[in-house]
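# Architecture and fold: a report
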Amino acid sequence: MRRLLALVLLLTAVAGLAGPAAAGFAQPAVVSERPVAWTPDVLNGTVTAIAVLGATVVVGGDFTQLADPSTHRKYNRGYLFAFALGTGRILDATATLDGPVTALATAPDGSGVFVAGKFAKVNGAPRTGLVKLDPTTGAAVPGFTATAGKGQIRSLAAAGPWLYAGGTFTQLGGLPRVGLARLDATTGAADPALDLRLARRNRGLVKVEQVAAQGSAVAFVGAFDTVAGRPRPQIAVADAASAAVTDWSTDAYTGRCNTLYDSYLRGVDIAPDGTWLAVAATGGMAGPTRMCDSAARFDLTGSGNHKPTWVNRTGGNTLWSVAISGTAVYVGGHMQWMDNPKGHKTRGPGATPRSGIAALDPATGTALPWNPGHSRGVGVGVLLTCPAGLLIGSDTDQVAGEYHGRISLLPTA
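Rules of the game
- Residues numbered from 1 in each chain as written.
- Predicted model: local features only at pLDDT ≥ 70, side-chain atom pairs only at ≥ 80, totals over all residues.
- Heavy atoms only, no water.
- Pairing = 2+ DSSP bridges.
- Helix = DSSP H or I, 4+ residues; strand = E, 2+ residues; numbered from the N terminus.
- Axes fitted to C-alpha atoms, helices over the stretch in contact; angles between N-to-C directions.
- Polar contact = N/O pair within 3.5 Å; in protein donor to acceptor, adjacent residues only side chain to side chain.
- Contact = heavy atoms within 4.5 Å.
- Phe/Tyr/Trp six-rings, centres within 6.5 Å; stacked < 30°, edge-to-face > 60°.
- Buried < 20%, exposed > 50% of the residue type's maximum accessible area, 1.4 Å probe, protein only.
- Lys NZ or Arg CZ within 6 Å of the ring centre and 35° of its normal.

## Overview of the sheet that holds strand S13 (residues 130–133)
Pairing within the open sheet is antiparallel, and its three strands lie in the order S9-S10-S13. Of all strands in the sheet, those bounded by a partner on one side alone are strand S9 (101–106) and S13. Strand-to-strand twist of the sheet, defined as the mean angle between neighbouring strand axes without regard to direction, takes the value 20°. In this structure, strand S10 (residues 113–117) lies alongside S13, joined through four bridges in antiparallel fashion. Its bridge partner lying in S13, Phe114 is registered against Lys132.

## A look at unusual backbone geometry
Negative phi values dominate among residues other than glycine, just as trans dominates among peptide bonds. Of note in the backbone geometry, Tyr79 takes a positive phi value of approximately 80° without being a glycine. Mapped onto the secondary structure, Tyr79 falls in the loop between strand S6 (74–76) and strand S7 (80–84). Phi at Ala228 is positive, roughly 50°, even though this residue is not glycine. With respect to the element layout, Ala228 can be found in the loop between strand S21 (226–227) and strand S22 (230–231).

## Concerning the side chain of His374
Relative to the helices and strands, His374 is located in the loop between strand S35 (357–360) and strand S36 (382–386). At 3.5 Å, the side chain of His374 and the side chain of Thr396 are in polar contact. When neighbours within four sequence positions are excluded, His374 is seen to be in contact with Ser355, Gly356, Ile357, Val380, Ile392, Ser394, Thr396, Gln398 and Val399.

## Some words on the packing of aromatic side chains
Inspection of every chain in the model, using the stated rule, returns eight aromatic pairs. Ring centres of Phe220 and Phe224 lie 5.5 Å apart, and the angle between their planes is 45°; this geometry places the pair in the tilted category. Accessibility classification places Phe220 together with Phe224 in one group, the buried group. On the numbers, 5.3 Å between centres and 65° between planes, the contact of Tyr330 with Trp370 is edge-to-face. Note that Tyr330 is positioned in strand S32 (residues 329–333) and Trp370 in the loop between S35 and S36, a separation of 40 residues in sequence. Since its relative accessible area comes to 6%, Trp370 is described here as buried. An aromatic cluster is built from Trp248, Tyr253, Tyr264 and Phe298, whose rings are joined through pairwise contacts. Seen from the ring of Trp276, Arg297 lies directly overhead, with NZ or CZ sitting 4.0 Å from the centre.

This is the structure:
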């Protein structure tokens, strides 16, 4: 018999406090190096997605057990839960999913949270891979009917009236779409105008790892070579208004990394002012001219081929995630150093030690003095800037030398 695990979704409505849904959230300063003490502990699995709505944090992944950090009471909760900002109280409303969560996004109007994952049922009813959940009851919002087809959704970003989805799917919202789709955030119907026809030259699996939206810009990264017939190796930008791929491009990621990787870009975020973006890469190779295992900034202004404004290389260790606050570019992974172009999984000349997480100068890309440290494991896969600070999700449990089970919050100064 299929085991349905309880999950939490109680999203308290707090007027005027809707969190970021799609891209970088502006913060006046670099966040504290010291995490708050009250975030819940996830005791197993991995936190793969975080969303903020008002005074509530929603957390998704493949975990099955939680603990209250103050009472140490354990909860058997699978795949999704919510807690209150400021106290860490695990909220009590429940629903059921039959598979892990891979992506979350907050509805821009505050009407709920979009949940994507490897599930086929929600509250016992058929719902494949995508659902919008009510903010107070945990029930599926009946007007939103989109489900994922063959393949999976790996990333969600909500902006304006739209929900953007990226992944390995071949249809979504009732229309054939390969890897990327735009849905009506109220009904779930696919937008027929946005059909970017992602493809790979070797006919391999098309995969969008991450999508971000800010203003008119929609940026996405993953395993693809062409978008709407135009060369776009691993990264492209679309215009939200015209629903077309823009003239922005870069050839920075045409070089090879380890052949085990079908693509090596893993994270993308757009700055709060919408004028530039930053990316995070894996790749399993090092070198002062390679883009493998690096973070990079690109300006969004102008057309044609763009070279990176700066590149910061780890020396061969993976970066999974990136989040821009305006005052910092936060990157996460299982790196040991930044500023390390001559390292080969070693500390090269001039390298700056940074375990699991780092903050980079937005103008120069060099590592800022900020250095809380994070246990490495597979790595920090989720970074989210919000009014409260920087939320971090991973598969490990040490931040700034303290125990914080797979999720932590570094607060705004």
